[in-house]
Amino acid sequence: MADSMDESHDEIEDSLEDLLIFPTRKGLRRSIELIEASFVLEVEIMKQLGVPKQTNESMINEQREIVDIAKNELDNHATQVTSNACASG
């Protein structure tokens, strides 16, 4: 369990480092997907450990909010790029 979380965190860290060097929508999308998968894994590990769902509910809601914010930023960036392309075209 801990190994899979460590691997997940390493993948996220690598993805975010790549994003700093090459800030692309594809890189941001990959980072969001890795973070989202890590959150799912974390919830599964908590279930396996027998942690009651209500104990995790706040954490799950916060994780969902983080992913939603990131996806909204990605969507906003796409809209902004499209608007800029239309304005300059």
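It should be noted that the structure appears before, not after, this text.
Described below are features of the structure shown in this document. (Residues numbered from 1 in each chain as written. Predicted model: local features only at pLDDT ≥ 70, side-chain atom pairs only at ≥ 80, totals over all residues. Heavy atoms only, no water.)

**As for the environment of R25**
1) Next: Here R25 shows up in helix α2 (residues 25-48).
2) Next: What makes R25 partly exposed here is its relative accessible area of 30%.
3) Next: On a C-alpha basis, the gap between R25 and D75 in space is 9.6 Å, while along the polypeptide they are 50 residues apart. (Helix = DSSP H or I, 4+ residues; strand = E, 2+ residues; numbered from the N terminus. Buried < 20%, exposed > 50% of the residue type's maximum accessible area, 1.4 Å probe, protein only.)

**Quick look at α2**
1) Next: Helix length check: α2 (24 residues) gives 35 Å between terminal C-alpha atoms against 34 Å at 1.5 Å per residue, within 8%.
2) Next: Among the residues of α2, those classed as buried are G27, S31, I32, L34, S38, F39, V43 and I45. (Expected span 1.5 Å × (residues − 1).)

**Some thoughts on the pattern of salt bridges**
A pair can form between side chains of opposite charge whenever their charged atoms are brought close.
1) Next: Tallied over the full model, the rule gives two salt bridges.
2) Next: Ionic pairing is found between E36 and K71, a salt bridge with its closest N-O pair at 3.3 Å. Of the two residues, E36 is situated in helix α2 and K71 in helix α3 (residues 53-88); the sequence distance between them amounts to 35 residues.
3) Next: Judged by its relative accessible area of 29%, E36 falls in the partly exposed class.
4) Next: The residue E44 makes a salt bridge to K47 at a minimum N-O spacing of 3.5 Å. Here E44 and its partner K47 are both found in helix α2, three residues apart, which amounts to about one turn of the helix. (Salt bridge = Lys/Arg side-chain N within 4 Å of Asp/Glu carboxyl O.)

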